[in-house]
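Topology and contacts: notes
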Amino acid sequence: MRPRKVPLRKCVACQEMKPKKELIRVVRTPDEEILIDLTGKKAGRGAYLCGKVSCFKLAKKTKALDRALKQPVGVAIYDQLEQDFIAVEEEFLAEKERVSDEDA
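Residues numbered from 1 in each chain as written. Predicted model: local features only at pLDDT ≥ 70, side-chain atom pairs only at ≥ 80, totals over all residues. Heavy atoms only, no water.

Examining the overall build of the chain
Here is the rule we go by: Under the DSSP-based scheme used, a helix requires at least four consecutive residues in state H or I and a strand at least two consecutive residues in state E, with every element numbered from the N terminus. Every residue pair with non-hydrogen atoms within 4.5 Å of one another is taken to be in contact. Areas reported here follow the Shrake-Rupley algorithm with a probe of radius 1.4 Å; residue values treat only the protein chains shown as occluding. Counting rule for charge: Lys and Arg are taken as positive, Asp and Glu as negative, and neither His nor the chain ends is counted. Charge positions are represented by NZ for Lys, CZ for Arg, CG for Asp and CD for Glu.
Counting secondary structure elements, the chain contains 3 helices and 5 strands. When the helices and strands of the chain are listed from N to C terminus, the series reads β-β-β-β-β-α-α-α. When the backbone C-alpha atoms are referred to their principal axes, the chain occupies close to 45 × 25 × 25 Å. Restricting the contact set of the chain to residue pairs at least 6 apart, pairs at least 24 apart contribute 47%. With the model as given, the accessible surface of the chain reaches about 7,100 Å², and the carbon-plus-sulfur share is 53%. Treating the 22 positive side-chain charges of the chain as one cloud and the 18 negative ones as another, the clouds have centres 9 Å apart.

Written out as structure tokens, the structure is:
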């Protein structure tokens, strides 16, 4: 039996290709709301970021999320996303570690 193909996505900030499970998805919902999607299954246009705050700050500086989500992202939304990103980062890293332990 052949091994399963791992879906890859590109971080909008550092342009690095990584497995989808190692990235955090930021989604623009059909209601024009922008939020973090840890499940990766919410409806809407998505953009992926590495699980590092430095990548988020680079995306904010270069307005990478504006381009990826095809909608201007306001400063207030970036600030809210940054707070959410910091809060979610620890949970995301713990989940990634748990998954890698199961694979081993």
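A closer look at the sheet that holds strand 4 (residues 34–37)
What counts, and what does not: In this description, strands pair whenever DSSP reports at least two bridges between them. For helices, the fitted line uses only the C-alpha atoms of the stretch in contact; every axis is such a line through C-alpha atoms, and the angle between N-to-C directions lies from 0 to 180 degrees.
Taken in spatial order, the 3 strands line up as 4-3-5 in an open sheet, and their pairing is antiparallel. Sheet topology places strand 4 and strand 5 (45–50) at the edges, where each strand pairs with a single neighbour. Mean inter-strand twist for the sheet, computed between neighbouring axes without regard to direction, equals 30 degrees. Alignment of strand 3 (residues 23–28) against strand 5, held across 6 bridges, turns out to be antiparallel. Looking at strand 5, one finds that valine 27 is bridged to glycine 46.

A short note on the pattern of salt bridges
The criterion, for reference: Definition used for salt bridges: Asp or Glu carboxyl oxygen within 4 Å of a side-chain nitrogen of Lys or Arg. Buried means the residue's accessible area, taken with a 1.4 Å probe over protein chains only, is under 20% of the maximum for its type, while exposed means over 50%, and partly exposed covers the values in between.
With the rule as written, the count across this model stands at 4 salt bridges. Linking aspartate 37 and arginine 25 is a salt bridge whose minimum nitrogen-to-oxygen distance equals 2.8 Å. Here arginine 25 lies in strand 3 and aspartate 37 lies in strand 4, a separation of 12 residues in the sequence. Here aspartate 37 matches arginine 25 in class, with each residue buried.

Overview of the confidence of the model for the chain
Heads up, the condition is: Known as pLDDT, the predictor's per-residue confidence is scaled from 0 to 100.
Scored by pLDDT, the chain comes out at a mean of 85, with 93% of its residues at no less than 70. Ranking the elements of the chain by mean pLDDT puts helix 3 (residues 75–103) last, at 74, and strand 1 (residues 8–10) first, at 94.

What to know about a nonpolar patch on the surface
This is how it is decided: Two distance rules govern patches: like charges are joined within 9 Å, and nonpolar side chains (Val, Leu, Ile, Met, Phe, Trp, Tyr) within 5 Å, applied only to residues with over 30% relative accessible area and no salt bridge.
A cluster of nonpolar side chains, namely Val6, Leu8 and Met17, defines an oily patch on the protein surface of about 280 Å² accessible area. On the secondary structure map, methionine 17 appears in strand 2 (residues 17–19). Among the residues examined, methionine 17 registers a relative accessible area of 46% and is labelled partly exposed.

Points about the side chain of glutamate 82
Following the sequence through the fold, glutamate 82 ends up in helix 3. Sequence-distant contacts of glutamate 82, defined by excluding residues within four places in its chain, comprise Phe56, Lys57 and Lys60.

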